[in-house]
Amino acid sequence: MGKLSSLPKIYLAVVFIILYAPIFYLIYYSFNSGGGMSNFESFTLEHYQAVFSDTRLLIIVLNTLIIALLSALLSTTIGVIGALAIYFMKNKSARQTVLSLNNILIVSPDVIIGASFLILFTLIGVKLGFASVLISHIAFSVPIVVIMVLPKLQEMSTSLIDAALDLGATRKDVLTRVILPYIKPGIFAGFFLALTYSLDDFAVTFFVTGNGFSTLSVEIYSMARTGITLTINALSGLIFLITMVLVLGYYIVVNKTKVSAKEVKR
Amino acid sequence: MKNNPLRFVYAVPYAVWMLLFVLAPIVVIVYYSFFDLSGQLTLGNYRNFFTSIYFKLTMSSFWYAFLITFFSLLISYPTAYFLTKTKHKQLWLLLIIIPSWINLLLKTYAFIGLMGLYGPINAFLETIGIGSQQILFTDFSFVFVSVYIFIPFMILPIFNSLDKINPALLDASKDLGANAWVTFKRVVWPLTIDGVKSGIQVVFIPALSLFMITRLIAGNKVITLGTAIEQQFLVTQNWGMGSTIAVFLIIFMFLIMVLTSRKEKGASANGKVK
């Protein structure tokens, strides 16, 4: 591939600056002792202290994390089962139908998911709060896990399964010692994506959360609607830090599995 | 392994999920769209939808979604193109994706400060002599922030399709006497049209249904289908009307998916050329 001349470089630089400017702007003013996001007065950590001394906010952060972890775990389990079910389906058109049904929730706008789940929970009688939010998060994460796991299953050679069966493995052995290890990278990727989808979700949660329960996104929305509070800035500084750590962790895990996969191939 | 009736037992959780959270929600939305506020069976919601207010709302929602998609594409395509030409392109791509992992609300919130009357953008306009403007709570700010939010999602599929192009094709085109523009028009663009289509799909449908950005950035200047649904469900508590708008949003969604769906045959034919 050719080298970039200076004009494209400038273009890319501008795009990067625009993408990152709002984030660094938020973090910069989180250290402002003045009240707003203009006129930097002097450096302070008081907004970070405010975050850590606000027990209500900390409980909301905890709720968000619990919902994210639980929903990622459960949706990964259901998603892996779903991917296996789709993989073993013999009928091609039935498989295609199940796959398109699977994808409906991925392309559906959040508002539709939120509104329809709200009706559903009211009809069934699920109380709005922790349970309804958790169930919704599991529901919209399942198809993503399926999408991440299925390609791994499809690239697996069927002779692996046949060989294991010929060598006397039971069906359980085939699953736990051949299939699952092979699709592990897909499972991890699905889990990680489910986690980020849950942490990021605002619209669906906004619909199905009742009065007493709140997640971080919903809380930020209601704080932002009342105007500028530098506590949100401090919060975003922390979130940015955690996101970077997660991304780096994910990057390392993915690269590691790639390296080990290469080693296996040798 | 075959013909074992127990074989399907393990699929139960997934089947239950699909029944409860994919099929049932669509059914209840359609069902509720036939009821009015007092619980009477009616077609009134549909009649309402075709009155001028909702027609205008739908049109403006589509117009904004179109603008957002258009500008996202306009910015993303060159970005993706140049990215494929950088060294360490995967690392640069990762850097493009990272902002999309920061909570959407936080990014939107940042613009409340950036675009505010005393914010840096107005300070800049002041120094170059234009003077401060009301930027926040206009349709410009709405489109701008939405484009900002959607750019990474547009870049990703386009980058992937650009990255798959066999460089030999470009060399061949050059050797056969095509200039850069002809090569782009006849070789690069047709090979990346699928990426562009999936980019349009992931931007246009959410753009129709955004509601937090309209509320926070556009004030009440812009009403999208999403805002209308949220309004009906959570403010007016008129679930029937909200469901009716949702039914139409679902129909639009399917139409857009059909329009932007990839031609499987054409794509596989291209693949087989290798």
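A quick note: this is a predicted structure, and the numbers were derived from the prediction, not measured. (Residues numbered from 1 in each chain as written. Chains lettered and ligands numbered in written order. Predicted model: local features only at pLDDT ≥ 70, side-chain atom pairs only at ≥ 80, totals over all residues.)

## Observations concerning the overall build of chain B
Alright, step 1. In terms of regular secondary structure, chain B is built from 13 helices and zero strands.
Alright, step 2. Taken over the C-alpha atoms alone, chain B extends approximately 80 × 70 × 35 Å along its principal axes.
Alright, step 3. Here chain B holds 274 residues, and 38% of them are scored as buried.
Alright, step 4. When contacts within chain B are restricted to residue pairs at least 6 apart in sequence, long-range pairs at least 24 apart make up 70% of them. (Helix = DSSP H or I, 4+ residues; strand = E, 2+ residues; numbered from the N terminus. Buried ≥ 20, exposed ≤ 12 C-beta atoms within 10 Å, placed from the backbone. Contact = placed C-beta atoms within 7 Å.)

## Examining the overall build of chain A
Alright, step 1. What chain A contains, in helices and strands, is eleven helices and zero strands.
Alright, step 2. Ordered by position from the N terminus, the helices and strands of chain A form the series α-α-α-α-α-α-α-α-α-α-α.
Alright, step 3. Summarising its shape, the C-alpha atoms of chain A cover approximately 75 × 60 × 35 Å along the three principal directions.
Alright, step 4. Here chain A holds 266 residues, and the buried ones make up 37% of them.
Alright, step 5. Sequence separation of 24 or more characterises 77% of the internal contacts of chain A that already satisfy a separation of 6 or more.

## Comments concerning the interface of chain B and chain A
Alright, step 1. On the side of chain A, 59 residues touch chain B, which itself brings 60 residues to the contact.
Alright, step 2. Here the side of chain B that touches chain A gets eleven residues from one element, more than from any other, and that element is helix α1 (residues 12-32) of chain B.

## Considering the confidence of the model for chain B
All names here are of chain B.
Alright, step 1. Overall, the prediction assigns chain B a mean pLDDT of 86, with 92% of residues at 70 or greater.
Alright, step 2. The low-confidence segment residues 1-6, where pLDDT is below 50, has one contact with residues more than four positions distant or belonging to other chains.
Alright, step 3. Low pLDDT (under 50) marks residues 264-274, which in the prediction has three contacts with non-local residues, meaning those over four places away or in another chain.
Alright, step 4. Interface confidence for the predicted complex, expressed as ipTM, amounts to 0.85; the pTM equals 0.86. (pLDDT = per-residue confidence, 0-100.)

## Points about α1(B)
Alright, step 1. Relative to the 30 Å expected for 21 residues at 1.5 Å per residue, α1(B) spans 28 Å between its end C-alpha atoms, a close match to the ideal helical length.
Alright, step 2. Its maximal kink placed at B:Ala24, α1(B) deviates by approximately 40°, while the proline B:Pro25 follows within four residues.
Alright, step 3. Residues of α1(B) that are buried include every one of B:Tyr14, B:Trp17, B:Met18, B:Phe21, B:Pro25, B:Val28, B:Ile29 and B:Tyr32, and no others.
Alright, step 4. Against the buried residues of α1(B) lie α3 (55-87), α4 (92-107), α5 (110-124) and α6 (130-155) of chain A together with α12 (239-259) of chain B. (Expected span 1.5 Å × (residues − 1). Bend = angle between axes of the 7 residues up to and from the residue.)

## Brief notes about the nonpolar core
Alright, step 1. Residues A:Ala115, A:Phe207, B:Leu105, B:Ala207 and B:Met212 are the most contacted members of the largest nonpolar core, which totals 132 residues.
Alright, step 2. Counting residues per element, this core draws most heavily on helix α7 (residues 139-164) of chain B, at 13 residues.
Alright, step 3. Discounting residues that sit within four places of it in the chain, B:Met212 has contacts with A:Phe202, A:Ala203, A:Tyr221, B:Leu105 and B:Thr108. (Core = buried A, V, L, I, M, F, W, Y, C linked by C-beta atoms within 7 Å.)

## Concerning the environment of B:Ser173
Residues and elements named next belong to chain B.
Alright, step 1. In this structure, serine 173 sits in helix α8 (residues 167-175).
Alright, step 2. The partly exposed category is assigned to serine 173, around which 18 C-beta atoms lie within 10 Å.
Alright, step 3. Residues serine 173 and threonine 183, ten residues apart in the sequence, show an inter-C-alpha distance of 6.1 Å.
Alright, step 4. In this structure serine 173 touches Ala178, Thr183 and Val187, once residues within four positions along its chain are discounted.

## With respect to unusual backbone geometry
Residues and elements named next belong to chain B.
Alright, step 1. Backbone geometry at phenylalanine 137 places phi at a positive 65°, although glycine is not the residue there.
Alright, step 2. With respect to the helices and strands, the residue phenylalanine 137 is situated in the loop between α6 (120-127) and α7.
Alright, step 3. One non-glycine residue, glutamine 237, adopts positive backbone phi at about 60°.
Alright, step 4. Topologically, glutamine 237 is positioned in the loop between α11 (225-235) and α12.
Alright, step 5. Assessed through the 9 C-beta atoms surrounding it within 10 Å, glutamine 237 is described here as exposed.

## What about the packing of helix α10 (residues 216-225) of chain A against helix α5 (residues 104-114) of chain B?
Alright, step 1. Viewed as axis vectors pointing N to C, α10(A) and α5(B) meet at an angle of 15°, and their least axial separation amounts to 10 Å. Judged on the interaxial angle alone, α5(B) and α10(A) are roughly parallel. Of the two elements, α10(A) crosses α5(B), and the hand of that crossing is left-handed. Here A:Ser217, A:Ile220, A:Tyr221 and A:Ala224 of α10(A) come into contact with α5(B), specifically with B:Leu105, B:Leu106, B:Tyr109 and B:Ile112.
Alright, step 2. Looking at side-chain class alone, the contact of α10(A) with α5(B) contains seven nonpolar, one polar and no charged residues. (Axes fitted to C-alpha atoms, helices over the stretch in contact; angles between N-to-C directions. Parallel < 35°, antiparallel > 145°, perpendicular 65-115°, else oblique. Left-handed = near helix turned anticlockwise from the far one by under 90°. Nonpolar A, V, L, I, M, F, W, Y, C, P; charged D, E, K, R; others polar.)

## As for the environment of B:Asp36
Residues and elements named next belong to chain B.
Alright, step 1. Within the element layout of this structure, aspartate 36 appears in the loop between α1 and α2 (44-49).
Alright, step 2. Looking at aspartate 36, the number of C-beta atoms within 10 Å reads 16, which means it is partly exposed.
Alright, step 3. Note: C-alpha distance between aspartate 36 and tryptophan 92 (56 residues apart in sequence) is 52 Å.
Alright, step 4. Excluding residues that lie within four positions of it along the chain, aspartate 36 makes contacts with Thr42, Gly44, Asn45 and Gly240.

## Describing the packing of α3(A) against α1(B)
Alright, step 1. Relative to each other, α3(A) and α1(B) sit at 100°, their axes nearing to 8 Å. In terms of axis orientation, α3(A) runs roughly perpendicular to α1(B). Note on element contacts: α1(B) touches α3(A) through B:Pro13, B:Tyr14 and B:Trp17, opposite A:Ile78, A:Ile81, A:Gly82 and A:Ala85.
Alright, step 2. Partitioning the contact of α3(A) with α1(B) into residue classes produces six nonpolar, one polar and no charged.

## Focus: the environment of B:Leu94
Alright, step 1. Tracing the backbone shows B:Leu94 in helix α4 (residues 89-101).
Alright, step 2. A C-alpha to C-alpha distance of 36 Å links B:Leu94 and B:Leu176, two positions 82 residues apart in sequence.

## A short note on α4(B)
Alright, step 1. Under the 1.5 Å per step criterion, the end-to-end length of α4(B) is 19 Å for 13 residues, consistent within 8% with the ideal 18 Å.
Alright, step 2. Within the sequence span of α4(B), burial applies to B:Leu93, B:Ile96 and B:Pro99.
Alright, step 3. Those residues of α4(B) that are buried are in contact with α1 (6-29) of chain A together with α3 (52-84) and α7 of chain B.

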